[in-house]
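The chain contents come next:
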Amino acid sequence: MVENSFSINKTSTMLEWQIKPLAKKSTSGKEIKPGDTVVCAVFIDELGNLDRADFLKEEFNQQQISGRTIGRWERVVSANPDEDERMARKMSLASSEDFFISLFDDSSQVQTEEADVVKQMLALLLERKRVLRPMGRAVGDVQKYLHVSTKRVFEVPQKNLDEDLIIKIQSQLGSIII
């Protein structure tokens, strides 16, 4: 368990984070419709802030992202995600899971303190949702997690999550979390 010097309310708020649902329109302005495949990309912009962009798959071009990509995943848009609140929550959790996994993909690895903190915070969220299971205690600055459905092991960097860092990351994540 991570020890923190801030109140449980801040920790509870952090663990309630979910990745925002897909945008209604792609970054080009085209409407996203059921059945469309969408590429979601999370990146660090020129100012060092985290941002998210949703592209129709046929429009996606890595050069359109104005910054360093730290995570990318694809989603097929469901026909009725807004009608069923449970489905919307499930899709949000799936987006969080996809984003977490994408942070470890070779094609999008960016080594920054913010990326490591995002990995750690998403791991805590996914552990709480029973998507990840910790494998023993952290050794050094790394906690191993088992992804329950795929049996893949992730080595998640462990940072000191002080209040200032949480607030900084939370404000940066404003465009990708709810």
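Residues numbered from 1 in each chain as written. Predicted model: local features only at pLDDT ≥ 70, side-chain atom pairs only at ≥ 80, totals over all residues. Heavy atoms only, no water.

**Q** Teacher, can you tell me more about the overall build of the protein chain here?
**A** Helix and strand counts for the protein chain come out as four helices and six strands. Helices (α) and strands (β) of the protein chain occur, in sequence order from the N terminus, as α-β-β-β-α-α-β-β-β-α. Within the span of the protein chain, comprising 178 residues, buried residues form 44% of the whole. Residue pairs at least 24 apart in sequence account for 60% of intrachain contacts in the protein chain once pairs closer than 6 positions are excluded. As presented, the protein chain carries roughly 10100 Å² of accessible surface, and 48% of it is formed by carbon and sulfur atoms. (Helix = DSSP H or I, 4+ residues; strand = E, 2+ residues; numbered from the N terminus. Buried < 20%, exposed > 50% of the residue type's maximum accessible area, 1.4 Å probe, protein only. Contact = heavy atoms within 4.5 Å. Areas by Shrake-Rupley, 256 points an atom, 1.4 Å probe, with all protein chains shown as cover.)

**Q** In this structure, what is going on with the pattern of salt bridges? I would like to understand it.
**A** Pairing is possible between side chains that carry opposite charge, provided their charged atoms lie close to one another. Enumeration over the complete set of coordinates arrives at six salt bridges. Two residues, D116 and K159, come together in a salt bridge whose shortest N-O distance is 3.7 Å. Of this pair, D116 sits in helix 3 (residues 113–128) while K159 is found in the loop between strand 6 (153–157) and helix 4 (163–172), placing the two residues 43 residues apart along the sequence. The exposure class of D116 is buried, given its relative accessible area of 10%. For K159, a relative accessible area of 29% corresponds to the partly exposed category. (Salt bridge = Lys/Arg side-chain N within 4 Å of Asp/Glu carboxyl O.)

**Q** For this particular structure, what's the right way to read the sheet that holds strand 2 (residues 50–56)?
**A** Backbone-to-backbone hydrogen bonds join strands into a sheet, with any given pair of strands oriented parallel or antiparallel. With antiparallel pairing, three strands are arranged side by side in an open sheet as 2-1-3. Two strands lie at the open edges of the sheet, namely strand 2 and strand 3 (67–76), each paired on one side alone. Neighbour-to-neighbour, the strand axes of the sheet open up by a mean angle of 20°, direction not taken into account. Sheet topology note: the strand 1 (residues 37–45)/strand 3 ladder contains nine bridges and is antiparallel. Across the sheet, V38 pairs through a bridge with R75, a residue of strand 3. (Pairing = 2+ DSSP bridges. Axes fitted to C-alpha atoms, helices over the stretch in contact; angles between N-to-C directions.)

**Q** Looking at this model, I keep getting lost on the packing of aromatic side chains. Mind explaining?
**A** The description of an aromatic ring pair uses the distance of the two centres, along with the angle that the planes make with each other. On inspection of all chains with the given rule, the structure shows five aromatic pairs. Ring-pair connections join several aromatic residues into one group, and the members of that group are F100, F104 and F154. (Phe/Tyr/Trp six-rings, centres within 6.5 Å; stacked < 30°, edge-to-face > 60°.)

**Q** Please explain the sheet that holds strand 5 (residues 142–147) as it appears in this structure.
**A** Pairing is antiparallel in the open sheet, where three strands are placed in the order 4-5-6. Strands with a single pairing partner mark the edges of an open sheet, and in this sheet they are strand 4 (132–134) and strand 6. Neighbour-to-neighbour, the strand axes of this sheet turn through a mean angle of 35°, independent of strand direction. Relative to strand 6, strand 5 runs antiparallel, the two being bridged by five bridges. By the bridge assignment, Y145 is partnered in strand 6 with F154.

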